[in-house]
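Breakdown of the fold
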Amino acid sequence: MKSRGEALRDYVARRLLLMIPTFIGITFATFLLCQFVPGGQIDQMRMALAGADGGGEAGGGAGDTRAQLDIPEEQLARLRAYYGFDKPLPVAYAGWLADIVRLDLGTSFRYNEPVARVIAERLPVSIYYGIITAIFTYGICIPLGILKAIRHRTRVDTLTSMLIFVGYAVPGFALGAVLSNLFAVRWELFPLGGFQSAGAAAMGPAAHALDIVWHSVLPLIAYLAGSFAVTTMLMKNSLLENMSADYVKTALAKGLSWRRAVFVHALRNSLIPMATTAGGLLGIFLTGSFLIERVFNIPGVGLLAFEAIQTRDFPVVLGFLVISSVLLMLGNLLSDLIVALVDPRVRFE
Amino acid sequence: MRWFRLDPVTRRRLQRFRRIRRGFWSFVILMAAMVLSVFAPFLAESRALLVWFEGRPYFPTFQYLEMATFGQEPPAGWDGREIETEYFRLQREWRVEREMHELARVRAGSDAAKLAALDAKYPNRGNFVVMPPIPWNPYQNDFSANETLPEIQSALGAGNQERAERLARRDGLADLARAIADGSIATLLADPEKSPTGTLAGLARTGAMPSLAKLGTSPPHPPDAGRRHYLGTDAQGRDVAARLLYGFRISIFFALFLVLSAQVIGTIVGSLQGYLAGRFDILSQRVIEVLIAIPGLYVVIILAALFQPSFWMLLAILALFQWIGITFFMRTEMYREKTREYCLAAKSYGASHLRIVFRHLLPNCLTPLVTFTPFAVVGAIFALTGLDYLGYGLPAPTPSWGELIDQALQTQNRDKLWLILAPFGALTATLVLVVFIGESVREAFDPKQFARYE
């Protein structure tokens, strides 16, 4: 009989091993996707050599001028060799994968810097928004879910249901567009976009923090509007289910106060499903919603990846896809582990 | 039909759905809007519904009728047989003839010869045009604001007062028409304070003649009931209301087709996973794991950037990632249902696997399918609008909400609030209806009766 600790260790090891084939699948799919596209790496280098593309700033137009460029054949061959395109596909993939495993994601065409550094530079912005969104989501959804469960089928319940579902129905980026055109352009109450003011670095720490908060009011509303419904309803339904469970009946029957039975016994158990959503946050930190980032021109990782697609900066696109899919897999594992931590009934099989 | 005969459980669920008023009425309204949108050519179209010309009706909605048919004057340099009738202009031209005929008759008194001459001068006074409520199609660029003044100016220059007055009346410039009729226009134009250039354009610029003030500007134009742009025009001078309507039609049917195809694929795969289990289940689960770990929208954008997809191609690309969600539920349902007695019974009398899955098991596993479909529709509309906003959705002139939002976010359009409020309102209204339907369906199909202690 293994102890719980050993079982946990074996379980994590097994799950991590299972991730390997999935990881290979993901990387192969994304590699394929980026290899066969026009305006890919070779074309980019051709443009750079021909001087037609000033550092890759001309977004999206990579494919159009391709035909006019004349690069000597031997130079092209050198380029193909450099990127491994002269090798058969499996060999090229293996070479690329070996680089990835050594955490070498290549060099961005657009920024001419290592992809890892380009992404890392954008990370603080994404993490800031990710954390704030998570705090607000849980800070509002859990109490609201509890309230709705206790006041099930009353006017408060119906009204808040209406509100959160209307919020759910509104696409965040469209709401963001309305907010910015109204509050930033028409009434000039908030800044138009960006993460901070241009001169923010020269401000004192307090003024700097205030500046960032000032810039994030509108985007946060756009981020949050749609995020209440799912979590609140999960909390509500889970608490309702627990409130009608036998153990709560027993607690009440032996004379416990209703308050104690619900808030101590039922509530603790009903928080377990909330833990399942926690691991997913790992991915959200990175991706965010690049639609909202684009509306408010927030320089997060999501927007970076979108711009990389536009400018055909495929090392960044690939790097982003690899990192975010790995984070998603780890997030799923993390969710399961958190559930196992808070719920001793879960067995590792 | 026996497949779809409603069993008592389903009938009770439908009754429960009807009793949830919010959801039921959302359903009714959305269905009505969809049916209406199918008839969009009768609601927003530059072709008239009916033209009554010299005692005979014409129905141009689905028919090409050249300008010469109705004797409409073609633009300079064109032949009336070369271009299609401009019905909205025709409507206003004939209406003006009627008005001026009336006015002239009053002035003429009871002189029979004069009256007869007048009747001959305004031959179209008895004709009329019935336009759709929105007399614009979603692709049409309305640049009339730039064309009206030069037209009147050239009529004035040619000394044709009567034609100038007619044109001014046609375009609803009442004060200009009056000034032309009583001759005061000459003094106005001569006054350098009011018209520094001595032309109508100068009058428009100084604001001396209020009705001209909005002419001579370029689109987007704000809502203008007189021009029947109820929600204004976009940056290309296209009617926003017409584009919203056609955008609704495209979005909702795109979403329905997408969800339908995705759910069919997802249901088949999920059912087979649950029923066959074993190797097929494990293998396909790995494939699904790969697919869900890839950020779908990015891949869709990459593919869309490569192919510049058409309606059906974009649908296929999006379906690639949309079918996964439902497989999990169908798989679980199948795992549970296949151990039931009726399944064993079907197996024992020799039913084939396919027959067992799709004939016996599937009808009992439909609850997740029904309850998740409305939310999948919301997701599909989100995706299409988002892609259109990014410029990777349906190809360019297609009327689309996302494209309007993109226009509204261009720096020069940001203060033109109708450009953002119109698509936002349409989007929100549609999605709220779908979400309310979804919520009510879920509640009707899955009513948890909870004990309450209070």
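Residues numbered from 1 in each chain as written. Chains lettered and ligands numbered in written order. Predicted model: local features only at pLDDT ≥ 70, side-chain atom pairs only at ≥ 80, totals over all residues.

**Points about the overall build of chain A**
Looking only at helices and strands, chain A features 16 helices and zero strands. Buried positions account for 35% of the 349 residues belonging to chain A. Within chain A, counting contacts between residues at least 6 apart in sequence, those at least 24 apart form 70% of the total. (Helix = DSSP H or I, 4+ residues; strand = E, 2+ residues; numbered from the N terminus. Buried ≥ 20, exposed ≤ 12 C-beta atoms within 10 Å, placed from the backbone. Contact = placed C-beta atoms within 7 Å.)

**Structural notes on the overall build of chain B**
Along chain B, the regular secondary structure elements total 20 helices and three strands. For a compact globule of 454 residues, the expected C-alpha radius of gyration is about 22 Å, and chain B comes in at 31 Å, more than 25% above that figure. Of all 454 residues assigned to chain B, the portion counted as buried reaches 42%. Put simply, of all contacts in chain B between residues at least 6 apart along the chain, 63% involve residues at least 24 apart. (Rg over C-alpha atoms; globule rule 2.2 N^0.38 Å.)

**What to know about unusual backbone geometry**
The amide bond that connects Pro219(B) to the next residue, Pro220(B), takes the cis arrangement and shows omega of 5 degrees. Located in the positive-phi region is Arg153(A), a residue other than glycine, with phi close to 65 degrees. Positionally, Arg153(A) belongs in the loop between helix 5 (115-150) and helix 6 (155-169). For Glu54(B), which is not glycine, the phi dihedral falls at a positive 50 degrees. Its place among the elements puts Glu54(B) in the loop between strand 1 (50-53) and strand 2 (56-58).

**Topic: the sheet that holds strand 3 (residues 128-130) of chain B**
Residues and elements named next belong to chain B. The three strands lie next to each other as 2-1-3, forming an open sheet whose pairing is antiparallel. Both edges of this open sheet fall to strand 2 and strand 3, since each of them pairs with a single strand only. Here the strands of the sheet are splayed against their neighbours by 20 degrees on average, with no regard to which way each runs. (Pairing = 2+ DSSP bridges. Axes fitted to C-alpha atoms, helices over the stretch in contact; angles between N-to-C directions.)

**Description of the nonpolar core**
Across soluble globular proteins, you tend to see nonpolar side chains buried next to one another. The biggest cluster of nonpolar side chains holds 146 residues, and the ones touching the most others in it are Ala305(A) and Ile301(B). For this core, the element with the highest residue contribution is helix 11 (residues 240-276) of chain B, accounting for 17 residues. Sequence-distant contacts of Ile301(B), that is, excluding residues within four places in its chain, are made with Ile309(A), Leu390(B) and Tyr392(B). Listed in part, the 19 residues of the second largest apolar core include Leu167(B), Leu173(B), Ile185(B) and Leu212(B). (Core = buried A, V, L, I, M, F, W, Y, C linked by C-beta atoms within 7 Å.)

**A word on the interface of chain B and chain A**
Facing the 38 residues of chain B at the interface are 38 residues of chain A. The leading source of residues in the side of chain B that touches chain A is helix 20 (residues 417-445) of chain B, at 11 residues. Across the side of chain B that touches chain A, the residue classes tally to 28 nonpolar, three polar and seven charged. (Nonpolar A, V, L, I, M, F, W, Y, C, P; charged D, E, K, R; others polar.)

**Concerning helix 19 (residues 401-408) of chain B**
Most of helix 19 of chain B sits inside the fold, with eight of its eight residues counted as buried. When we look at burial in helix 19 of chain B, the residues that qualify are Trp401(B), Gly402(B), Glu403(B), Leu404(B), Ile405(B), Asp406(B), Gln407(B) and Ala408(B). Next to the buried residues of helix 19 of chain B lie helix 7 (172-186) of chain A together with helix 11, helix 18 (366-390) and helix 20 of chain B.

**Overview of the environment of Phe382(B)**
With respect to the helices and strands, the residue Phe382(B) is situated in helix 18. Taking the C-alpha atoms as reference points, Phe382(B) and Ser251(B), 131 residues apart in sequence, are found 9.4 Å from one another.

**Side note on the environment of Ala308(A)**
Residue and element names in this part refer to chain A. As for its placement among the helices and strands, Ala 308 is situated in helix 15 (residues 301-310). Put simply, Ala 308 and Phe 109 are 199 residues apart on the chain and 9.2 Å apart in space, counted from C-alpha to C-alpha. If near-sequence neighbours (up to four positions away) are discounted, Ala 308 is found in contact with Asp 313, Val 316, Val 317 and Phe 320.

**Remarks on the environment of Leu404(B)**
Residue and element names in this part refer to chain B. Of note, Leu 404 is situated in helix 19. A sequence separation of 16 residues divides Leu 404 from Asp 388, and the C-alpha atoms of the two residues are 8.8 Å apart. Beyond its immediate stretch of four places on either side in the chain, Leu 404 contacts Asp 234, Val 240, Arg 243, Leu 419, Ala 422 and Pro 423.

**Overview of the confidence of the model for chain B**
For chain B, per-residue confidence averages 88 on the pLDDT scale, and residues scoring 70 or more make up 97% of the total. Across the interfaces of the predicted complex, the ipTM metric reaches 0.87, alongside a pTM of 0.87. (pLDDT = per-residue confidence, 0-100.)

**What about the packing of helix 18 of chain B against helix 19 of chain B?**
All names here are of chain B. One can describe the packing of helix 18 onto helix 19 by two numbers: an axis separation of 7 Å at closest approach and a directional angle of 40 degrees. By the angle class used here, helix 18 and helix 19 are oblique. The two elements helix 18 and helix 19 cross, and the hand of that crossing is right-handed. Facing Leu 384, Thr 385, Gly 386, Leu 387, Asp 388 and Tyr 389 of helix 18, the residues of helix 19 in contact are Trp 401, Gly 402, Glu 403, Ile 405 and Asp 406. Of the residues belonging to the contact of helix 18 with helix 19, the class tally is five nonpolar, three polar and three charged. (Parallel < 35°, antiparallel > 145°, perpendicular 65-115°, else oblique. Left-handed = near helix turned anticlockwise from the far one by under 90°.)

**Quick word on the packing of helix 4 (residues 87-108) of chain B against helix 7 (residues 161-170) of chain B**
All names here are of chain B. One can describe the packing of helix 4 onto helix 7 by two numbers: an axis separation of 9 Å at closest approach and a directional angle of 120 degrees. Regarding the angle of helix 4 to helix 7, the classification is oblique. Considering only the axes of helix 4 and helix 7, their crossing is right-handed. Each of Arg 92, Glu 93, Val 96, Glu 99 and Met 100 in helix 4 lies in contact with helix 7, whose residues at this interface are Arg 166, Arg 169 and Arg 170. Residues that form the contact of helix 4 with helix 7 fall into these classes: two nonpolar, no polar and six charged.

**Structural notes on the confidence of the model for chain A**
All names here are of chain A. A residue-level look at chain A finds 83% of positions with pLDDT of 70 or above and a mean pLDDT of 82. Mean pLDDT across the elements of chain A bottoms out in helix 2 (residues 41-50) (60) and peaks in helix 7 (94). Note that residues 52-69 has pLDDT below 50 and, in this model, 26 contacts with residues that lie over four places away or in other chains.

**A look at the pairing of strand 1 of chain B**
Residues and elements named next belong to chain B. Inspection of the sheet shows strand 1 paired to strand 3 by three bridges, in the antiparallel sense. Residue pairing in the sheet places Val 51 in a bridge with Val 129 of strand 3. With three bridges connecting them, strand 1 and strand 2 associate as antiparallel partners. In the strand pairing of strand 2, Phe 53 is matched with Arg 56. The loop that links strand 1 with its antiparallel partner strand 2 comprises two residues; one of these, Glu 54, has a positive phi angle of about 50 degrees.

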